[in-house]
Amino acid sequence: MRYPDGGGLSARGRAKREAVRRQAAGWFAQDVSVPEIARRLRVSQTAVYGWRKRWQVGGEQALASKGPGGSRCRLDEGRLRRLADGLEEGPAAHGFGSDQRWTLARVSDLIARMFRTRYTLRGTANIMYRLGWSVQVPAHRAVERDEAAIVTWRRETWPAGKR
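Below is a summary of the structure that appears in this document. Here the structure is a predicted model, which is why all the values come from computation and not from measurement.

**Some words on the overall build of the protein**
Part 1: Along the backbone of the protein there are seven helices and zero strands.
Part 2: In terms of C-alpha radius of gyration, the protein reaches 26 Å, well past the compact-globule figure of 15 Å for 163 residues.
Part 3: In terms of overall dimensions, the protein has a C-alpha envelope of 75 × 60 × 20 Å along the principal axes.
Part 4: Sorting the 163 residues of the protein into buried and exposed places 26% on the buried side.
Part 5: Of all intrachain contacts in the protein linking residues separated by at least 6 positions in sequence, the fraction that spans at least 24 positions is 44%.
Part 6: For the protein, the accessible surface area stands at approximately 11800 Å², while carbon and sulfur atoms represent 50% of it.
Part 7: Distance from the positive charge centre (32 side chains) to the negative charge centre (16 side chains) of the protein: 8 Å.

Below is the structure:
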């Protein structure tokens, strides 16, 4: 799961899942079968087998949440806000010429210029998602494109040809 707010589970979501694992630990101590625990908790048996294995080695503490996964972002919240403001200004404001499209390479260069931190294109895409931006391939359209003629064609000519 990835969302613009950083992705993954929130602290509340992690706590909720940890409570489920701790409930399973209580049933492990009562020697309840794995399929029965999976049925009661509405989780897969594979997950319960993994929890039981961790519980046998380290007790209930082994089922505690380890916190959010993945590495920390090298840009703090203040820098992310500055980057978002920079993206809103547009590429031309940052010397990328008259083409008003942000590419991953351009955003990566902007991050390097602003914060002296290099990101891969994949890492840059993750930051853009976190900021609520989507990574898309721009649609190339002819300068001579006549929108009114296209609407008319879609409404009248195309349906007639489908009959």
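**Let's talk about the packing of helix α2 (residues 34–41) against helix α3 (residues 45–58)**
Part 1: Two elements in contact, α2 and α3, have axes whose closest approach is 9 Å; the angle formed by their N-to-C orientations is 115°. Read as a crossing pair, α2 and α3 show a hand that is right-handed. On the side of α2, the interface is formed by Val34, Pro35, Ile37, Ala38 and Leu41, while α3 contributes Gln45, Val48, Tyr49, Trp51 and Arg52.
Part 2: Of the residues belonging to the contact of α2 with α3, the class tally is eight nonpolar, one polar and one charged.

**With respect to the packing of helix α1 (residues 11–29) against α3**
Each pair of packed helices gets described by two things: the angle between the helix axes and the distance between those axes.
Part 1: Close contact between α1 and α3 brings their axes to 10 Å; oriented N to C, the two are set at 70°. Our classification of the angle between α1 and α3 gives roughly perpendicular. Considering how the two elements wind past one another, α1 and α3 form a crossing that is right-handed. Residue-level contacts link Val20, Arg21, Ala24, Ala25, Phe28 and Ala29 of α1 to Val48, Trp51, Arg52, Arg54 and Trp55 of α3.

**Focus on the side chain of Arg14**
Part 1: Its location among the elements puts Arg14 in helix α1.
Part 2: Summary of buried charges: Arg14 has no salt-bridge partner, and the nearest side chain of opposite charge, Glu18, is 7.8 Å away.
Part 3: Those residues in contact with Arg14, other than ones at most four positions away along the chain, are Leu9, Ser65, Gly67 and Pro68.

**Concerning the environment of Thr117**
Part 1: Topologically, Thr117 is positioned in the loop between α5 (104–115) and α6 (121–130).
Part 2: The buried category is assigned to Thr117, whose relative accessible area is 10%.
Part 3: Thr117 sits 79 residues away from Ala38 along the chain, and the two C-alpha atoms are 45 Å apart.
Part 4: Setting aside residues no more than four positions away along its own chain, Thr117 makes contact with Arg74, Arg79, Ile111 and Ala112.

**What about the layout of surface pockets?**
Part 1: Space inside the second largest pocket adds up to approximately 190 Å³.
Part 2: Trp102, Thr103, Ser134, Val135 and Gln136 are, among the 10 residues lining the second largest pocket, the residues nearest its centre.
Part 3: Grouping the amino acids of the lining of the second largest pocket by side-chain chemistry returns six nonpolar, three polar and one charged.

Definitions and cut-offs
- Numbers given for residues are sequential positions, taken from 1 along each chain in its written order.
- Only residues with pLDDT of at least 70 are given local features in this predicted model, and only at 80 or more are side-chain atom pairs given and counted; all residues enter the totals for whole chains, interfaces and linings.
- The basis for every side-chain value is the complete set of non-hydrogen atoms in the structure, without hydrogens or water.
- Put simply, DSSP marks the helices as runs of H or I at least four residues long and the strands as runs of E at least two long, and each gets a number from the N terminus on.
- Here the globule rule is a power law, 2.2 Å times the number of residues to the power 0.38, and the radius of gyration is based on C-alpha atoms.
- When accessible area is computed with a 1.4 Å probe and restricted to protein chains, residues below 20% of their type maximum are described as buried, those above 50% as exposed, and intermediate ones as partly exposed.
- The criterion used for residue contact is that any of the two residues' heavy atoms lie within 4.5 Å.
- Here the Shrake-Rupley method, with its probe set to 1.4 Å, supplies the accessible areas, and only the displayed protein chains count as covering residues.
- We count Lys and Arg on the positive side and Asp and Glu on the negative side, and we leave His and both chain ends out.
- In plain terms, the charge of a residue is placed at NZ if it is Lys, CZ if Arg, CG if Asp and CD if Glu.
- Helix axes are fitted to C-alpha atoms over the stretch in contact, other axes to C-alpha atoms as well, and angles between N-to-C directions run from 0 to 180 degrees.
- Here a crossing is taken to be left-handed if its near helix is turned anticlockwise relative to the far helix by less than a right angle, and right-handed if that turn runs clockwise.
- Note on residue classes: Ala, Val, Leu, Ile, Met, Phe, Trp, Tyr, Cys and Pro are nonpolar, Asp, Glu, Lys and Arg are charged, and everything else, Gly too, is polar.
- Should an angle fall under 35 degrees it is called roughly parallel, over 145 degrees roughly antiparallel, and 65 to 115 degrees roughly perpendicular, with every other angle called oblique.
- Definition used for salt bridges: Asp or Glu carboxyl oxygen within 4 Å of a side-chain nitrogen of Lys or Arg.
- As defined here, a cavity is a set of points on a 1 Å grid over the protein atoms alone where a 1.4 Å probe fits but cannot get out. A pocket is an open set with protein on both sides within 12 Å along at least five of seven lines, and residues line them when an atom is within 4 Å of a point.
- Grid points are joined across faces, edges and corners, and a volume is the space filled by probe spheres set on the points.

Note that every value here comes from positions in space, so none of it alone points to a role or purpose.
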